[in-house]
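Chain residues, written in single-letter form:
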Amino acid sequence: AQTVTQSQPEMSVQEAETVTLSCTYDTSESDYYLFWYKQPPSRQMILVIRQEAYKQQNATENRFSVNFQKAAKSFSLKISDSQLGDAAMYFCAHHPYSGAGSYQLTFGKGTKLSVIP
Amino acid sequence: DAGITQSPRHKVTETGTPVTLRCHQTENHRYMYWYRQDPGHGLRLIHYSYGVKDTDKGEVSDGYSVSRSKTEDFLLTLESATSSQTSVYFCATKQILEWEQYFGPGTRLTVT
């Protein structure tokens, strides 16, 4: 079974600054996907960024980037030039590539990010 | 985004009563999921479906049942609601051979 750990229940960042959210995971598989989801107060789950484990290059989406360290089973999210609209709960999630359990996401407990004007 | 709706969006019910939540999708996605979200726990999988009439249990399935009689609808039933089932429930869908799950808007259920 996979586990996903987010060790920072809450974080804050000054507007326009950079913040990094941490995530570690445990899996016995070599192929899998990793995701960061954002959940604003509206409750809607929004996919921020994804990373395929077989890719060495770190994924980037505009101001969002990841630091994927496969050997360390670490997957952190960096938000640059933070904006007020970035304030939300952020969830790290793991999805096996194939085989048993290939249908489901395993989520971390989340990190609540506050952005200070 | 996939067209996913959940009904009702909010519900208050009493302990011991049956409750059914509905998830409806218009994207013809094969896979459908029910998650619950609780403070300090993130989202946890309750049940999922990999086709019409094909379902399986997730991490927290006790006290819940599901049914999928057609592609577009996935029902989650609490046979006898308990206060521990007070939560926000999310439906999600995924197409075969794709990796992304699309989430519905959620249903807030309160069991008093």
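The preceding data block contains the structure.
All of the points below concern the structure found in this document. What you see is a predicted model, and the numbers here were worked out from it, not measured in a lab.

Reading the values: the criteria
Residues numbered from 1 in each chain as written. Chains lettered and ligands numbered in written order. Predicted model: local features only at pLDDT ≥ 70, side-chain atom pairs only at ≥ 80, totals over all residues. Heavy atoms only, no water. Contact = heavy atoms within 4.5 Å. Buried area = accessible area lost by both parts, 1.4 Å probe. Salt bridge = Lys/Arg side-chain N within 4 Å of Asp/Glu carboxyl O. Polar contact = N/O pair within 3.5 Å; in protein donor to acceptor, adjacent residues only side chain to side chain. Helix = DSSP H or I, 4+ residues; strand = E, 2+ residues; numbered from the N terminus. Pairing = 2+ DSSP bridges. Axes fitted to C-alpha atoms, helices over the stretch in contact; angles between N-to-C directions. Disulfide = S-S within 2.5 Å. Buried < 20%, exposed > 50% of the residue type's maximum accessible area, 1.4 Å probe, protein only.

**Some points on the interface of chain A and chain B**
Right, so step 1: The partner chain B presents 25 residues to the 17 residues of chain A that form the contact.
Right, so step 2: Overall, the association of chain A and chain B removes approximately 1800 Å² of surface from exposure, summing both partners, and the carbon and sulfur fraction of that is 57%.
Right, so step 3: At the junction of chain A with chain B, the criterion picks out 0 salt bridges.
Right, so step 4: Counting every contact that joins chain A to chain B gives 5 residue pairs in polar contact (both at pLDDT 80 or more).
Right, so step 5: Mapped by element, the contributors of at least two residues to the side of chain A that touches chain B are β5 (32–39), β6 (46–52) and β10 (88–96) of chain A.
Right, so step 6: Of all the elements, β5 of chain A adds the most residues to the side of chain A that touches chain B, at 4 residues.

**A few points about the sheet that holds strand β7 (residues 64–70) of chain B**
Residues and elements named next belong to chain B.
Right, so step 1: If you walk across this open sheet you meet the 4 strands as β1-β3-β8-β7, and the pairing is antiparallel. Each edge of the sheet is formed by a strand with only one pairing partner; in this case those strands are β1 (4–7) and β7. Adjacent strand axes in the sheet meet at a mean angle of 20°, parallel and antiparallel pairs treated alike.
Right, so step 2: As defined by bridge partners, β1 adjoins strand β3 (residues 19–25) across 4 bridges and the pair is classed as antiparallel. When the bridges of β3 are listed, T5 appears paired with H24.

**Section: the environment of S30 of chain A**
Residues and elements named next belong to chain A.
Right, so step 1: Take S30: it is sitting in the loop between β4 (24–26) and β5.
Right, so step 2: With 23 residues separating them in the primary sequence, S30 and A53 have C-alpha atoms 7.4 Å apart.
Right, so step 3: Non-local contacts of S30, meaning those with residues more than four positions away in its chain, are made with A53 and K70.

**Considering the state of the cysteines**
Right, so step 1: Enumeration according to the criterion identifies 2 disulfides over all chains in this entry.
Right, so step 2: A sulfur-sulfur distance of 2.0 Å marks the disulfide that ties C23 of chain A to C92 of chain A. Disulfide C23 of chain A-C92 of chain A: torsion about the S-S bond near -70°, hence left-handed. Remark: C92 of chain A occurs in strand β10 and C23 of chain A occurs in the loop between β3 (19–21) and β4; sequence separation between them is 69 residues. Both residues of the pair, C23 of chain A and C92 of chain A, belong to the buried class.
Right, so step 3: Between C23 of chain B and C91 of chain B runs a disulfide, and the two sulfur atoms are separated by 1.8 Å. The sign of the -70° torsion about the S-S bond sets the C23 of chain B-C91 of chain B disulfide as left-handed. Highlighted residues: C23 of chain B in strand β3 and C91 of chain B in strand β9 (residues 87–94), separated in sequence by 68 residues.

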